[in-house]
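# Chains, contacts and geometry: an overview
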Amino acid sequence: MTTPSKATAGAGASTHDALSQAIADDQRRSEVLVGWVQMALLALFAALYTAAPKTFGADAPFQPVPWALGGYFAFTAVRLVAAYRMRLPDWTVVLSIMIDMALLLGLIWSFHLQYRQPPAFYLKAPTFAYLFIFISLRALRFDPRHLAIAGATAALGWLAMVGYALDWNPMGAERTRDYVHYLTSNSILVGAEIDKVVTILAVTLVLGMAVTRGRRLLAAQIATAQQNGRLLTALKASEERYALVLAGANDGIFDLDLKAGGRYFSARAHDMLGQPEGALAAMPARLLPRVPGDDEAVLLRAFEEAVTAREGLFQCEVHLCHEDGRPLWINVRAAILYDDAGSPWRVVGSLGDISDRKRYEEQLLTDAVRDRLTGLANRALLIDRMNRLWSRDQPFTLFLLDLDNFKAVNDSLGHPVGDELLVAVARRLEPLGGTSGTVARFGGDEFVLLLDGQTDTDVIEAQTAEIRAALAAPFTIGEHGIVTTASIGVVAVSGAGSSPEELLRDADVAMYRAKQFGRGQHAVFDDSMRSAVSSRLRMETELRHAFEQGELEMFYQPIVTTASRHLAGFEALMRWRHPQRGLVTPSEFIPVAEETGLIVPMGRWAIDQAARQLVAWNKGSRPLFVTVNVSARQFEKDGNLVEAVSEALTRWGAPPHDLKLEITESLTSRNPEAATAILCALSRMGVRLAIDDFGTGYSSFSQLHRLPFSTLKIDKSFVDRIERDAQGRDIVDAIADIARRMGMDVVAEGVETEGELAHLAASGCTYAQGYLFARPLPVAEAERRIPSAPAETLNFPLDPVLRSKD
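In short, a report on the structure. (Residues numbered from 1 in each chain as written. Predicted model: local features only at pLDDT ≥ 70, side-chain atom pairs only at ≥ 80, totals over all residues. Heavy atoms only, no water.)

### Focus: the overall build of the protein chain
Under the convention used in this document: Segments assigned H or I by DSSP are reported as helices when at least four residues long, segments assigned E as strands when at least two residues long, and all are numbered from the N terminus. Exposure classes here rest on a 1.4 Å probe applied to the protein chains alone. A residue is buried below 20% of its type maximum, exposed above 50%, and partly exposed in between. By definition in these notes, contact holds between two residues if any of their heavy atoms fall within 4.5 Å. To measure how exposed things are, a 1.4 Å probe is used in the Shrake-Rupley method; for residues, cover is taken only from the protein chains shown.
Scanning the protein chain from terminus to terminus reveals 29 helices and 21 strands. Here the protein chain holds 806 residues, and 43% of them are scored as buried. Counting only contacts in the protein chain whose residues sit at least 6 apart along the sequence, the fraction spanning at least 24 positions is 66%. Just so you have it, the protein chain exposes about 40600 Å², and 58% of that area is on carbon and sulfur atoms.

In structure tokens form, the structure reads like this:
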């Protein structure tokens with residue numbers, strides 16, 4: 001990993017270089033200005049010397065002045081060119097000042113040698129004085145570390161100039177005092193001495209300015225040094241923060257120099273691609289390494305579009321390859337820097353790993369059109385493909401499959417086994433779609449097969465047979481062997497008409513019609529089915545309203561002893577007194593109540609009404625029992641059936657043994673353990689239990705010995721055969737004999753003739769009910785049929801023989 005110090009080395013160096021360059025540029029401008037002025041003064045001096053060579057004195061055979069003047073001019077020119085062309089370090093400028101002073105003094109000495117005048121004479125020339133001034137002022141512009149050296153050199157030059165100007169020497173102290181006395185006299189402006197006064201004033205003025213400027217410059221240099229110190233401290237803190245951010249960033253950083261070819265990739269960028277540090281920079285020079293094929297073209301196109309549009313930023317999502325071969329999705333964000341010509345020369349940016357986000361997005365897209373459990377098309381994709389066929393007016397056939405009794409698999413074996421079964425069913429159905437069809441999971445245990453162009457009746461029959469064949473073999477899920485069938489609703493679409501949603505609804509209607517035929521059946525939709533569904537929906541709405549508004553009432557059918565025709569009790573039967581249709585029988589509305597779940601509150605209400613009537617009828621007469629039918633759906637869905645019965649008996653104070661609950665025998669075979677627990681709890685409470693429609697199921701004999709039934713009811717279908725054939729009579733006799741041996745009462749239902757009653761009495765059947773005695777009666781009429789004396793019999797006239805009960 002790159003340490004923070006390494007990471008910030010480049011940034012720190014570049015910042016220091018920028019500061020140094022700014023200082024050097026300022027110093028260079030000063031050198032250029034001083035150089036040009038100095039060149040001008042030397043040029044002026046050379047012009048004066050050339051125009052009037054004898055101004056300074058007599059001719060001499062020895063001519064050093066041109067050489068000294070030319071050398072000084074050449075040095076100044078070289079220094080001026082250097083100031084233009086390159087950065088001059090402080091020490092070179094200090095050296096230049098020292099050489100300047102030496103050359104100036106040498107130039108004065110050359111005049112002395114050539115014209116034989118004392119040096120002080122030449123110092124009277126203003127050009128020399130100005131040269132001294134410029135050299136001294138240059139010494140005051142530099143770093144305090146070099147100011148002492150440059151200042152000392154300038155001071156020595158000034159002392160030499162003043163000494164020459166005053167003709168001063170250490171051995172001439174007396175003359176100096178005389179000269180001072182002379183200056184203090186009134187002859188200061190006399191004759192040739194005025195040039196000395198001017199020179200001394202100029203020297204004094206420049207010295208004062210030098211001292212003042214030196215103090216200000218020193219203070220400014222100190223303040224600048226302090227400010228630079230603070231800036232450097234802040235810069236160091238900023239660089240440390242940058243290093244920490246860079247080290248902790250989740251994105252990789254890159255810096256590309258497009259012209260020089262330099263490349264930098266952070267440690268995170270190397271980690272992201274599984275590369276050792278420095279490996280990315282050593283790879284073949286491209287915009288980014290390890291970008292394969294088409295994605296490199298995508299990246300270059302995004303970069304070129306940003307350059308063409310003169311945008312400073314660009315972003316692109318590309319594939320990169322990890323060292324272990326797995327693909328990565330990388331988000332590239334970069335800034336483009338341009339040179340003065342408008343060409344890109346540097347790209348700085350970040351690499352963000354968005355592989356997890358991309359995988360999540362791909363999963364979302366898959367989930368949008370595919371079922372997550374089975375991988376089949378989901379509802380959205382199915383409807384989309386139906387829309388395409390529908391919009392093109394193309395014929396197709398829709399098969400809606402619902403697995404029969406799938407809930408039993410979930411309840412008995414658990415949902416994980418149920419899910420595995422759904423996956424196994426999907427694998428068998430998938431090949432049926434062929435190349436152009438669609439197999440979809442519609443939800444829960446429902447599947448849809450969409451086949452285009454399949455509307456012929458023979459083809460539909462063949463296809464349904466193929467679906468049954470695919471599901472016929474048992475499924476092996478873990479240790480379980482499961483046999484399943486499917487009810488199939490079929491909709492054939494020959495052209496534009498109903499929308500896909502309406503077609504799916506029609507298929508659902510046909511599928512429920514198929515379930516009415518039994519397991520593994522199919523039904524093809526027709527318009528009459530839609531009418532039946534509409535009627536059913538209307539009945540559901542009206543039934544809910546009827547229950548809430550008290551339109552339901554209980555009718556009671558007498559149950560009498562076969563031998564003496566004494567009244568023993570009543571069977572409570574629910575009726576719906578419809579405001580427009582009149583009396584509606586249970587066969588019409590009970591199936592709707594069971595499908596909607598309304599049967600649970602309706603069943604509780606029936607038990608409550610039966611308990612209430614028990615108390616009312618058993619006052620002052622021989623006790624009667626009341627039998628109430630418990631719907632199979634109520635028995636399965638009402639988790640508090642035992643508590644509901646107990647509450648009804650307690651509310652009205654009815655004796656439990658006078659209440660009988662009739663249970664259909666097939667119910668006990670669906671979930672034997674749960675059914676046994678509920679029935680035993682009711683029996684312990686004292687409620688008597690009757691098994692209804694005995695003999696019509698397939699498990700009745702295996703249940704009788706372990707369930708607490710006290711009464712067995714013979715179904716009407718067996719009673720109707722008593723007078724028609726001997727086999728019917730034998731079945732009735734066998735059922736009565738079994739019940740008698742097990743200590744159970746026997747009730748025959750649907751008795752309509754005296755012959756039927758006589759045979760039942762002879763076979764040992766205890767009770768009978770049917771139209772021979774009475775139809776189901778309202779409460780008031782049933783009360784009138786209750787005899788006033790216990791021994792009184794029911795000698796009702798025989799009602800017209802009707803072959804349908806209730």
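### Concerning the sheet that holds strand β8 (residues 446-452)
The condition that has to hold: Pairing between strands is defined by DSSP: at least two bridges between them are needed. Interaxial angles span 0 to 180 degrees and are taken between N-to-C directions of axes, which are lines fitted to C-alpha atoms, for helices over the stretch in contact.
The strand order β7-β8-β6-β11-β12 describes an open sheet built from five strands, whose pairing is mixed. Each of the sheet's edge strands pairs with one partner strand only, and the pair in question is β7 (438-443) and β12 (522-524). For this sheet the average axis-to-axis angle between neighbouring strands, irrespective of direction, equals 20°.

### Considerations on the environment of R427
Locating R427 in the fold gives a position in helix α15 (residues 415-429). Assessed through its relative accessible area of 37%, R427 is described here as partly exposed. Taking the C-alpha atoms as reference, R427 lies 8.1 Å from T374; in sequence the two are 53 residues apart. If sequence neighbours within four positions are ignored, R427 has contacts with T374 and L376.

### What about the nonpolar core?
Which entries qualify depends on this criterion: What makes a nonpolar core is a set of buried Ala, Val, Leu, Ile, Met, Phe, Trp, Tyr and Cys residues whose side-chain atoms join them at distances within 4.5 Å.
In this structure, L543, F589, M602, V628, V645, L659 and L661 are the most contacted members of the largest nonpolar core, which totals 73 residues. Tallying contributions element by element places helix α20 (residues 599-617) first for this core, with nine residues. Excluding its chain neighbours within four sequence positions, the residues that come into contact with M602 are L543, F547, L552, M574, F589, I590 and A593. Membership of the second largest hydrophobic core comes to 27 residues, among which are V417, A426, L451 and F475.

### Quick notes on the sheet that holds strand β1 (residues 252-257)
Within the open sheet, the five strands sit side by side as β2-β1-β5-β4-β3. Their pairing is antiparallel. Here the strands that pair on one side only, and so sit at the sheet edges, are β2 (263-265) and β3 (313-321). Averaged over neighbouring strand pairs, the angle between their axes works out to 20° when direction is ignored. In this structure, strand β4 (residues 327-338) lies alongside strand β5 (residues 344-353), joined through nine bridges in antiparallel fashion. From the neighbouring strand, I330 faces β5, where its bridge partner is D353.

### Details of the pairing of strand β11 (residues 486-493)
Most of β11 sits inside the fold, with seven of its eight residues counted as buried. Two strands pair when backbone bridges link them, and strand β6 (residues 396-403) and β11 are joined in this way by eight bridges, in the antiparallel orientation. Looking across to β11, one finds that L400 is bridged to G489.

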